[in-house]
Amino acid sequence: MSVCGIDLGSFKTPSYIAWLEGKEFLFDLYITSKEKPLPSLPTGISKPTHCALDGPQSLPLFGNKRRECDKGAKTPTSVFH
């Protein structure tokens, strides 16, 4: 059994991947694309049963001061002075 964690970059910046199978960790990088949104399975690692993704939250729409996801959040990014 294996699991995978992906810290997604963009179409221009690398994504970081951590694979865990038993007690073995494998770290890797890849550049995501529309044609290949997920990384290839490394040799010796079985197909993961679970995969966690950490993706970019995006930038504000043109003309907006904050991101849509921050509008209702009680975070420092939702408070303007």
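Read on for an overview of the structure. (Residues numbered from 1 in each chain as written. Predicted model: local features only at pLDDT ≥ 70, side-chain atom pairs only at ≥ 80, totals over all residues. Heavy atoms only, no water.)

1. Quick word on the pairing of strand S1 (residues 2–7)
Burial along S1 is one-sided: Ser2, Cys4 and Ile6 are buried, while Val3, Gly5 and Asp7, pointing the other way, are not. Two elements, S1 and strand S2 (residues 15–21), share six bridges in a ladder whose sense is antiparallel. Bridge assignment links Val3 to a residue of S2, and that residue is Leu20. (Buried < 20%, exposed > 50% of the residue type's maximum accessible area, 1.4 Å probe, protein only. Helix = DSSP H or I, 4+ residues; strand = E, 2+ residues; numbered from the N terminus. Pairing = 2+ DSSP bridges.)

2. Concerning the nonpolar core
If you look at the biggest cluster of nonpolar residues, it comprises six residues: Cys4, Ile6, Ile17, Trp19, Tyr30 and Ile45. With residues near it in sequence (within four places) discarded, Trp19 still touches Val3, Cys4, Glu24, Phe25, Leu26, Asp28, Pro39, Ser40, Leu41, Pro42, Ile45 and Pro48. (Core = buried A, V, L, I, M, F, W, Y, C linked by side-chain atoms within 4.5 Å. Contact = heavy atoms within 4.5 Å.)

3. Some remarks on the side chain of Thr32
Take Thr32: it is sitting in the loop between strand S3 (24–30) and strand S4 (50–54). A polar side-chain atom of Thr32 sits 3.1 Å from the main-chain carbonyl oxygen of Pro37. In this structure, Thr32 is in contact with Ser10, Phe11, Ser15 and Pro37, ignoring residues within four places of it in sequence. (Polar contact = N/O pair within 3.5 Å; in protein donor to acceptor, adjacent residues only side chain to side chain.)

4. Overview of the sheet that holds S2
Two orientations exist for strands paired in a sheet by backbone hydrogen bonds: parallel and antiparallel. On the basis of which strands lie adjacent, the open sheet formed by four strands has the order S3-S2-S1-S4 and mixed pairing. Across the chains shown, the open sheet's two edge strands, defined by having one partner strand only, are S3 and S4. Each strand of the sheet is rotated relative to its neighbour by a mean of 15 degrees, with strand direction disregarded. Where S2 lies against S3, seven bridges are found, and the strand directions are antiparallel. The residue bridging Ala18 from the neighbouring strand is Phe27, located in S3. (Axes fitted to C-alpha atoms, helices over the stretch in contact; angles between N-to-C directions.)

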